[in-house]
Amino acid sequence: MSDWEDDEEYDDKPQVSNVKSFPKRSYGDNRRSDDSRRRDRDSCINRNSGRGSTYGRSFQGKESLYVRPESIGRIVGRAGSTIQRLQLDFNVRIDADKSRGKVTVLGDDKGKINDALNRIRQIVDEGHDGNNQSQRPHGSGYNRSDRNNQGYRSYGRDDDNPFDYHYPKTSYDRNENYSANQGGIIDWKAENKKAELARAERWSKRPPLTKDFYVEHTEVANMDKDDVDQIRLQNNNTTVSRVFEQKNDEPDNIPNPIWKFEQCFGQYPDLLAEVAKQQFKKPSPIQAQAWPILLKGEDLIGIAQTGTGKTLAFLLPALVHIEYQSIPRSERGGPNVLILAPTRELALQIEKETNKYSFRGIKAVCIYGGGNRRDQIQHVEQGVEVIICTPGRLNDLIQAKVIDVTTVTYLVLDEADRMLDMGFEPQIRKILLDIRPDRQTIMTSATWPPGVRRLAQSYMSNPIQVCVGSLDLAATHSVRQVVEVVEEGEKYDMIKSFVKSMRSDDKIIVFCGKKVRADDLSSDLTLAGYLCQAIHGSRDQADREQAIADITSGEVKILIATDVASRGLDIDDVTHVINYDFPRNIEEYVHRIGRTGRAGRTGTSISYVTRSDWGLAAELIKILEEAGQDVPDNLRDMADRFNKMKGRRSDENMRGRRGGGGGNRSYGHRNY
């Protein structure tokens, strides 16, 4: 078991269902298990069973036959009996390759080779005859479960390329209409075309969708390329492009950025008035470029550091999208906007942000694991336009037929990288299959890993990527980063000393690696006379909400948290973030310290780094250097020692492979 908890504290964890456990066979049971017999059979196959007197000879002729891999067992027979008899009967050698489903017959007499091939076909066909089992040859290796398996193709002289034939591979395992009874091969091109036509037929019945609501302001339209580049440069060097390849003659058609709220929402004075109530001075860099793109109806990938206004960037266009569809709200049959978030804290934060803007009576509901399911269902059934949710609870309510996502036309995947890290990709893909394909899709992320790119390529339509800053991982420059290399036993005294010296206007979040550590630290500080709150995945939802309310109001100045709070907590006046336990990866470090230095303020992060964290030292140094922070000498020394250890391990592994041996040395902290 690792030092870190395997049972993550995140909400709506992907569930594994229908897992059956079977009793283990006792050591005294002398009956051979199915696994044992299968291993014997496979080893027989892999050794090219039936060596006999034919092995080692050279043959004049060779013919190959392809069958389904499951049929190889019947050809070999129990303990190789069938393949041995075939070799003796026809004076040939038979090689069976289970992984490719290939049977090769070698011999000197072409007629004998063909006779052997015909007998193999007969064995395979008899195995598929589920109605006359008694006529099957003894020792054929026939397995009752395989009686519906069929299909082989014969080829001429040793075609060693297994990819040149149309073999259905794993389709039969998925029960995807394999045409065994007709002895044919699936025409996947035709089947895919049928599926596409069925999907098109299904979605053709949906009401019309309007996505383009953008009327470009004259000031914005009259900008030349230099003006546009200058604004993007000033907005934290914002870069904008189509993510995936365009046709050569297809223009990018990317809208120019705006720099005033009126340039986007001047046509919607009541929405503009709601924005004015928040007393924002100007749009943030991500908002300046995202609003024109989203109002135009384009798909968007927004990549920006935490705390840069991404929520409002997709929220205001969503309100316009809801209100100005051609079909009245009462006739749409369900919500138009679906916002998926990885944790309940982030979902609740988005709901709070949504409720700040009162626009045409649009209602939103937040549904998440841990909340009152009955209340959530009641809110949905009363009628809402916006659903903010975590993937697990949403799938639960979809299966219960409480929520119909076929009415969704504006989809947001917020913090998509975190959702994939938490294992939600299967749930997300399942949800996306039930949402109309011509929807508008928005994906926000702090990073651009391969998983997010793969998801975007599968489910987005020619998206525009807006990246504020660099695509390289970087920490916000409004936070001063302090790193202290310490021993594990020194941490508590250091945090206690820091808490004792806190000023009246200080507010801190202390991050721990494990839930039990967060509870223990909270108890210890409370017993020492310091008022604090704790938040992690094992606490009741009411306690979690109370903890956030207490730290937000200032009633409590110290919040002890796990990574469940590293994203989604939007508390403007946090002055310090302390990494009591250094995070498991550098991405979480960036998100943790992003809890301070928000909304134009500055903040400080303090990280306690121990010997067990030396594997992340080099990446941490890059983050510190990019932000112009001081790098302690002992941190550099830690990174050098780790790199040398990796080099020694690599050298020893290479020597072990060359010498056929190699030690199994363990590199623990003693080598540090």
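Residues numbered from 1 in each chain as written. Predicted model: local features only at pLDDT ≥ 70, side-chain atom pairs only at ≥ 80, totals over all residues. Heavy atoms only, no water.

### Details of the overall build of the chain
Right, so step 1: Counting secondary structure elements, the chain contains 23 helices and 18 strands.
Right, so step 2: Looking at the chain as a whole, 49% of its 672 residues qualify as buried.
Right, so step 3: Across the chain, contacts joining residues at least 24 apart in sequence account for 75% of those joining residues at least 6 apart.
Right, so step 4: A total accessible area of about 34,000 Å² is found for the chain, and carbon and sulfur atoms account for 45% of it. (Helix = DSSP H or I, 4+ residues; strand = E, 2+ residues; numbered from the N terminus. Buried < 20%, exposed > 50% of the residue type's maximum accessible area, 1.4 Å probe, protein only. Contact = heavy atoms within 4.5 Å. Areas by Shrake-Rupley, 256 points an atom, 1.4 Å probe, with all protein chains shown as cover.)

### Some words on the pairing of strand S10 (residues 410-413)
Right, so step 1: Burial along S10 is two-sided: Tyr-410 and Val-412 and Leu-411 and Leu-413, pointing in opposite directions, are all buried.
Right, so step 2: Relative to S10, strand S7 (residues 337-340) is paired through four bridges, and the arrangement is parallel. When the sheet's bridge partners are listed, Leu-338 is paired in S10 with Leu-411.
Right, so step 3: Note that S10 and strand S11 (residues 440-445) share four bridges and pair parallel. (Pairing = 2+ DSSP bridges.)

### Focus: the nonpolar core
Right, so step 1: With 52 residues, the main nonpolar core has Phe-265, Leu-271, Trp-291, Phe-314, Leu-316, Ile-339 and Tyr-410 as its most contacted residues.
Right, so step 2: Looking at which element gives the most residues to this core, the answer is helix H11 (residues 310-323), with nine residues.
Right, so step 3: In this structure, Leu-340, Val-380, Val-384 and Val-402 belong to the second largest nonpolar core, which totals 38 residues. (Core = buried A, V, L, I, M, F, W, Y, C linked by side-chain atoms within 4.5 Å.)

### Overview of the environment of Arg-436
Right, so step 1: Position of Arg-436 among the secondary structure elements: in the loop between helix H16 (425-433) and S11.
Right, so step 2: Residue classification places Arg-436 among the buried positions, given a relative accessible area of 5%.
Right, so step 3: Here the alpha-carbon distance between Arg-436 and Arg-199, two residues 237 residues apart in the chain, equals 9.5 Å.

### Describing empty space enclosed by the protein
Right, so step 1: The full count for this structure, using the stated rule, is three cavities of 30 Å³ or more.
Right, so step 2: Looking at the largest cavity, its volume works out to about 100 Å³.
Right, so step 3: Looking at the largest cavity, the residues that line it are Arg-206, Pro-207, Pro-208, Leu-209, Gln-325, Ile-327, Arg-332, Asn-336, Thr-406, Thr-407, Thr-409 and Arg-436.
Right, so step 4: Here the residues of the lining of the largest cavity sort into four nonpolar, five polar and three charged. (1 Å grid on protein atoms, 1.4 Å probe; cavity = no way out; pocket = protein on both sides within 12 Å on 5 of 7 lines; lining within 4 Å. Points joined across faces, edges and corners; volume = space filled by probe spheres on them. Nonpolar A, V, L, I, M, F, W, Y, C, P; charged D, E, K, R; others polar.)

### Some remarks on the packing of aromatic side chains
Right, so step 1: In total, this model carries six aromatic pairs according to the counting rule given.
Right, so step 2: On the basis of an interplanar angle of 45 degrees and a centroid distance of 5.2 Å, the ring pair of Tyr-268 and Tyr-324 is categorised as tilted. With Tyr-268 in the loop between helix H8 (262-265) and helix H9 (269-277) and Tyr-324 in the loop between H11 and S7, the pair connects residues that are 56 residues apart, well separated along the chain.
Right, so step 3: Judged by relative accessible area, which is 29%, Tyr-324 ranks as partly exposed.
Right, so step 4: Arranged with centres 6.2 Å apart and planes meeting at 65 degrees, the rings of Tyr-580 and Tyr-608 form a pair that is edge-to-face. Note that Tyr-580 is positioned in the loop between strand S17 (576-579) and helix H21 (586-593) and Tyr-608 in strand S18 (residues 603-609), a separation of 28 residues in sequence. With respect to burial, Tyr-580 and Tyr-608 carry one shared label: buried.
Right, so step 5: The structure contains a cluster of three or more aromatic residues connected by ring pairs, namely Phe-261, Phe-265 and Trp-291.
Right, so step 6: The ring centre of Tyr-580 lies 5.6 Å from the NZ or CZ of Lys-491, which sits over that ring. (Phe/Tyr/Trp six-rings, centres within 6.5 Å; stacked < 30°, edge-to-face > 60°. Lys NZ or Arg CZ within 6 Å of the ring centre and 35° of its normal.)

### Describing the sheet that holds strand S13 (residues 479-485)
Right, so step 1: Pairing within the open sheet is parallel, and its six strands lie in the order S13-S18-S17-S14-S16-S15. The open sheet terminates on both sides in strands that have one partner only, identified here as S13 and strand S15 (533-535). Averaged over all pairs of adjacent strands, the angle between their axes in this sheet comes to 20 degrees, without regard to strand direction.
Right, so step 2: Summarising the sheet, S13 and S18 pair through seven bridges and their orientation is parallel. Counted as the bridge partner of Val-479 is Gly-603 from S18.
Right, so step 3: Against the sheet, helix H18 (residues 491-500) contacts S13, strand S14 (508-511), strand S16 (558-561), S17 and S18, and its axis sits at roughly 160 degrees relative to S18. (Axes fitted to C-alpha atoms, helices over the stretch in contact; angles between N-to-C directions.)

### Examining the environment of Gly-615
Right, so step 1: Here Gly-615 is to be found in the loop between S18 and helix H22 (617-626).
Right, so step 2: Here the alpha-carbon distance between Gly-615 and Arg-584, two residues 31 residues apart in the chain, equals 9.8 Å.

### Observations regarding unusual backbone geometry
Right, so step 1: The phi angle at Asn-237 is positive, at roughly 55 degrees, despite the residue not being glycine.
Right, so step 2: By secondary structure assignment, the location of Asn-237 is in the loop between helix H7 (225-234) and strand S5 (239-242).

### Quick notes on the side chain of Thr-596
Right, so step 1: Topologically, Thr-596 is positioned in the loop between H21 and S18.
Right, so step 2: By relative accessible area, Thr-596 is classed as buried at 1%.
Right, so step 3: Among the polar contacts made by the side chain of Thr-596, one reaches the main-chain carbonyl oxygen of Val-574 at a distance of 2.6 Å.
Right, so step 4: At 3.4 Å, the side chain of Thr-596 forms a polar contact with the backbone oxygen of Thr-575.
Right, so step 5: In contact with Thr-596, not counting residues within four places along its chain, are Val-479, Val-574, Thr-575, His-576, Val-577, Thr-602, Gly-603 and Thr-604. (Polar contact = N/O pair within 3.5 Å; in protein donor to acceptor, adjacent residues only side chain to side chain.)

### Here's the deal with the confidence of the model for the chain
Right, so step 1: Summing up the model confidence of the chain, the mean pLDDT is 80 and the portion of residues at 70 or higher is 78%.
Right, so step 2: This stretch, residues 1-34, has a pLDDT under 50; its non-local contacts, to residues over four places away or in other chains, come to 51 contacts.
Right, so step 3: Considering only residues more than four positions removed or in separate chains, one finds that residues 36-53, a stretch of pLDDT under 50, has 25 contacts. (pLDDT = per-residue confidence, 0-100.)

### Quick notes on the sheet that holds S5
Picture the strands of a sheet paired through backbone hydrogen bonds; they go either parallel or antiparallel.
Right, so step 1: The sheet built from eight strands is open, its strands ordered S5-S12-S6-S11-S10-S7-S9-S8 with mixed pairing. Pairing within the sheet leaves two strands with one partner each, and these edge strands are S5 and strand S8 (364-367). The average angle at which neighbouring strand axes cross in this sheet is 15 degrees, direction not considered.

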